[in-house]
Amino acid sequence: MSDAIGIGMIGLGTVGTGAVQLLQDAPAAMRRRRHAEFDIRRVAVRDPAKVRDVTLADGVVVGDVQQVLDDPSVQVVVELTGAAPAYEWIRAALQAGKSVVTANKAVIALHGAELFDIALAKGVDLMFEASVAGGIPIIRSLRNGLVANRVESLHGILNGTTNYMLTRMTRGEGDYPEILADAQAEGYAEPDPTADVSGADAASKLAILSRIAFQTTGTAADIYCEGIERIESSDIDFARELGYTIKLLAIARLAPGGVEARVHPVMLPQDSQLANIHAEQNAIKVVGSAVGTQVFTGAGAGKMPTASAVVSDLVELAERKRAGATTSIGDMIVGDEAARFASIEDAEIRYFLRMQVADQPGVLEQIARILSAQHISIASVLQKERDLQGGTVPLVIVTHEARERAMQQAVQAIDALPLVDGGVRLIRMEAA
Ligand SMILES: NC(=O)c1ccc[n+]([C@@H]2O[C@H](COP(=O)([O-])OP(=O)(O)OC[C@H]3O[C@@H](n4cnc5c(N)ncnc54)[C@H](OP(=O)(O)O)[C@@H]3O)[C@@H](O)[C@H]2O)c1
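Residues numbered from 1 in each chain as written. Predicted model: local features only at pLDDT ≥ 70, side-chain atom pairs only at ≥ 80, totals over all residues. Heavy atoms only, no water.

### Considering the packing of helix H6 (residues 138-145) against helix H10 (residues 200-214)
Quick note on the threshold: Convention adopted: a line fitted to C-alpha atoms gives each axis, helices being fitted over their contacting stretch, and angles between N-to-C directions are expressed from 0 to 180 degrees. The secondary structure listing takes helices from DSSP runs of H or I that are at least 4 residues long and strands from runs of E that are at least 2 residues long, numbered from the N terminus. Working rule for angles: under 35 degrees goes down as roughly parallel, over 145 as roughly antiparallel, 65 to 115 as roughly perpendicular, anything else as oblique. Only heavy atoms enter the contact rule, under which two residues are in contact if any of them lie within 4.5 Å.
Contact pair H6 / H10: the axes reach a minimum separation of 9 Å and the direction vectors enclose 10°. The angle between H6 and H10 places the two elements in the roughly parallel class. Contact with H6, carried on its side by Ile138, Ile139, Leu142 and Arg143, involves Ile208, Leu209, Ile212 and Ala213 of H10 and no other residues of that element.

Spelled out as structure tokens, the structure:
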């Protein structure tokens, strides 16, 4: 085993344990690649006394991360903690000339540019397949399998928690607050669910995918982001009536002003592929100039799917080492061809608008006039007189494609109408 690759792990929780199990079990496909031999030399955790589901040699598990970083027999550091200092640990490992494999999307999305530069300068790799869409090999597909394509667009269901919640709401199993409470009780949502329900988690993942697909340099902070917190059962009911399903989508596409990137709830036609990705599953639809449309779907999280992605990175590292290849990190450095994220204001989108309006003649006319002044044309109107509540009735308007900037101005004007009670609810629509 002398030429086995020395692994140092930081974190032996859900994903770390799965990764160790896969390395110890070495499935047949891995065993056939005989050069992919690994030796787990050191593992840092918070509490080394904790009983684990895996057995490691005495002295391997330690309580101090520095022991992993300082160990000269560790060639690859596998960071699987999600802890606050993860960025510092990854940077220190790279600076010490060790390759790094991580599942930490926040660190890659926020600090990727700096870390890729360090890795390149040090001649080591920084691999992060597990950071987006768990077990789905989307990063490897974009970097390798689809490398001959110009990616035209990318639509992803990248957050399992919100997809699980929206699936249950669509099945009529409750409204947002009760479904969120259920999701927390069942372990699908964190005690603090903000990163998931606000769309921030999906935006970090979209920033990573966009860097690879479109050479963008921005972070999640540059991506328009709206979560699912305001989705109500009535939105879902109206969507169903119109033939649509509501999903939280991460979208990036080439646009004249740059790369349009946004995360928000979307109404998708019920028969579209992404509308039929249920529960905690993830999916990414990629349109490439040569391959056309491809949809990747599968488990976006979980112990073994995520560990599968971690180990695939390790095997790739081993193969490169064996072949004497230089690192693969160069293609993550965005140079002259860097693209910027375009503002959502220039995006052309179809919209679903829902509002409670006074049950009086002339209301629709006033709203139509505001939309027309912004060059927004109406595709259909749905009004339910029988739902009369407190003198108001629900009014739903679906528009043709319009500019986001114009729509925001129209919404402001409609919100100010005395006949509209409680403001406009807007959900964007996609043909995907
Ligand atoms: N779980 C998933 O399905 C999934 C999917 C995709 C990506 N990820 C990412 O994978 C990473 C790991 O997630 P996980 O679910 O495996 O987490 P987890 O089960 O909470 O495990 C975290 C591990 O990190 C260790 N740790 C935490 N803080 C530490 C510190 N300050 N020093 C040393 N060790 C520390 C913990 O030690 P103790 O065991 O002693 O407490 C534990 O072993 C995160 O970045 C997460 O976002 C997870």
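### Describing the pattern of salt bridges
Cut-off, in case you're wondering: Here, a salt bridge means any Lys or Arg side-chain nitrogen found within 4 Å of an Asp or Glu carboxyl oxygen.
Scanning all chains against the criterion turns up 28 salt bridges. Here Arg41 ties to Asp39 by a salt bridge, and the two come within 3.0 Å at their closest N and O atoms. Measuring nitrogen to oxygen at the nearest pair gives 3.3 Å for the salt bridge that ties Arg405 to Glu345. Taken together, the residues span a long stretch of sequence, with Arg405 in helix H14 (residues 404-415) and Glu345 in the loop between strand S13 (341-342) and strand S14 (348-358) at a distance of 60 residues.

### Re the packing of aromatic side chains
Spelled out, the test is: When two rings of Phe, Tyr or Trp (its six-membered ring) have centres within 6.5 Å they constitute a pair, described as stacked for plane angles under 30 degrees, edge-to-face for angles over 60, and tilted for the intermediate range. Buried, partly exposed and exposed residues are distinguished by accessible area as a fraction of the type maximum, computed with a 1.4 Å probe on protein chains only: under 20%, between the cut-offs, and over 50%, respectively.
Tallying each qualifying case throughout the model produces 2 aromatic pairs. Both rings, one in Phe116 and one in Phe128, keep their centres 5.6 Å apart while their planes meet at 40°; by these two values the pair is tilted. Taken together, the positions of Phe116 in helix H5 (residues 105-122) and Phe128 in the loop between strand S6 (126-127) and H6 put the pair 12 residues apart, joining distant regions of the chain. On the accessibility criterion, Phe128 (1% relative accessible area) is buried. Consider the rings of Tyr164 and Tyr188, whose centres lie 4.0 Å apart with planes at 25°: the pair is stacked. Taken together, the residues span a long stretch of sequence, with Tyr164 in helix H7 (residues 160-170) and Tyr188 in the loop between helix H8 (176-185) and helix H9 (194-197) at a distance of 24 residues.

### Things to note about the nonpolar core
When a protein is soluble and globular, its nonpolar side chains tend to lie buried together. What counts is decided by this rule: Residues belong to a common nonpolar core when they are buried Ala, Val, Leu, Ile, Met, Phe, Trp, Tyr or Cys residues joined through side-chain atoms within 4.5 Å.
Leu94, Leu126, Ile138, Leu142 and Met165 are the most contacted members of the largest nonpolar core, which totals 81 residues. Broken down by element, this core gets its largest block of residues, 9 residues, from H10. Discounting chain neighbours no more than four positions away, the residues touching Met165 are Tyr176, Ile179, Leu180, Ala183, Val197 and Ile228. Grouped together as the second largest cluster of nonpolar side chains are 32 residues, Ile5, Val43, Leu80 and Val315 included.

### Quick word on the domain arrangement of the protein chain
When the parts come together, some accessible area is lost, and that loss is often what is quoted as the size of the interface. We count it as follows: A domain assignment, automatic or from a database, supplies the domain bounds used here. Two parts lose some accessible area (1.4 Å probe) when they are put together, and adding that loss for both gives the buried area. Pairing of N or O atoms within 3.5 Å defines a polar contact, subject to two protein rules: one partner must be a possible hydrogen donor and the other a possible acceptor, and residues neighboring in sequence count only if both atoms are side-chain atoms. Side-chain classes follow a simple rule in which Ala, Val, Leu, Ile, Met, Phe, Trp, Tyr, Cys and Pro form the nonpolar group, Asp, Glu, Lys and Arg form the charged group, and the remainder, Gly included, forms the polar group.
Structurally, the protein chain comprises domain 1 (5-134 + 303-332), domain 2 (138-299) and domain 3 (347-429). Taking both partners together, domain 2 and domain 3 bury about 1500 Å²; carbon and sulfur atoms supply 59% of that area. For the pair domain 2 and domain 3, the interface holds 4 salt bridges. Arg428 serves as the salt-bridge partner of Glu226, at 3.0 Å between the closest nitrogen and oxygen. Where domain 2 touches domain 3, the interface holds 8 residue pairs in polar contact (both at pLDDT 80 or more). A total of 6 residues in the side of domain 2 that touches domain 3 trace back to one element, the largest contributor, which is strand S10 (residues 258-269). Considering only residue class, the side of domain 2 that touches domain 3 consists of 9 nonpolar, 2 polar and 7 charged.

### Description of the pairing of strand S4 (residues 76-79)
Note the threshold: In short, DSSP must find at least two bridges between two strands for them to pair. By convention, a crossover is right-handed whenever its connection, traced from the first strand over the helix to the second and viewed with the strands pointing away, goes clockwise.
Neither face of S4 is open: one carries Val76 and Val78, the other Val77 and Glu79, and all of them are buried. Sheet topology places strand S1 (residues 5-10) next to S4; 4 bridges connect them, and they run parallel. From the neighbouring strand, Ile7 faces S4, where its bridge partner is Val76. Bridge count for S4 against strand S5 (residues 99-102) is 4 bridges, and the pairing is parallel. Across the sheet, residue Val77 finds its bridge partner in S5, namely Val100. After leaving S4, the chain enters helix H4 (residues 86-95) and then returns to the sheet as S5, a path that is right-handed.

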